[in-house]
Amino acid sequence: KRLHNNPNNRHFKIQRHYNMITELLGKSVLIMGAGNIGTAIAYRLWGFEMKIDGYDPYCEEKRPYNRIIRNRKELLSHLNEYDYVISTMPDNNQTKNFVNREFLENMKSVSVIINVGRRAVIDENDLYRALKSKKIDGAVLDIFEKFPNP
């Protein structure tokens with residue numbers, strides 16, 4: 001594992017090099033944001049026979065999810081069940097820093113968080129601390145508040 005950070009401007013990049021392949025078959029995933037994008041991801045993951053749950057306070061339809069979680073308290077109590085957490089959530093007052101220290105501490109230590117939604121959903125400082133202290137196994141982010149230098 002190599003860790004590059006500059007805490008003064010919150011730029012960080014964590015790289016782990018694995019010599020193994022992780023199999024998705026039978027793993028569990030939570031998709032936060034069970035709208036069109038989250039549902040499209042869920043349908044693609046069905047082919048891997050994953051346990052797929054969704055989190056969305058506004059979602060009316062359960063399919064293709066095994067379970068829809070609609071409130072944060074229930075979500076926090078179930079986070080330790082998931083190998084992967086994927087966020088497709090939008091940036092608004094209800095989602096700003098939704099993934100924070102409390103959220104990350106409730107995840108499995110072998111879990112990976114993947115953000116394909118908006119940057120403001122994840123508190124980058126709390127994510128950095130969780131990764132450094134090995135509270136979670138990894139993170140995949142396609143956007144940062146401030147992009148790290150290559």
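Structural notes, computed from the coordinates. Because the structure is a prediction, the values reported are computed rather than measured.

The rules behind these values
Residues numbered from 1 in each chain as written. Predicted model: local features only at pLDDT ≥ 70, side-chain atom pairs only at ≥ 80, totals over all residues. Heavy atoms only, no water. Buried < 20%, exposed > 50% of the residue type's maximum accessible area, 1.4 Å probe, protein only. Helix = DSSP H or I, 4+ residues; strand = E, 2+ residues; numbered from the N terminus. Pairing = 2+ DSSP bridges. Right-handed = clockwise from strand over helix to strand, strands pointing away.

Right, let's get into the pairing of strand β3 (residues 28–32). Across the 5 residues that make up β3, a large majority, 5, are buried. Where burial is concerned, the two faces of β3 agree: the one with Ser 28, Leu 30 and Met 32 and the one with Val 29 and Ile 31 are both buried. One ladder, built from 5 bridges, connects β3 with strand β4 (residues 51–55); its direction is parallel. Opposite Ile 31, over in β4, you have Gly 54 as the bridge partner. You can see the chain leave β3, run along helix α1 (residues 36–45) and come back into β4, and the turn it takes is right-handed.

This paragraph deals with the pairing of strand β8 (residues 138–141). Of the strand pairs in this sheet, strand β7 (residues 112–115) and β8 are connected by 4 bridges, and their pairing is parallel. Pairing of Ile 113 across the sheet is with Ala 139, part of β8. Taken together, β7, helix α4 (residues 124–132) and β8 form a β-α-β motif whose crossover is right-handed.

Nothing here speaks to function; it is all geometry.
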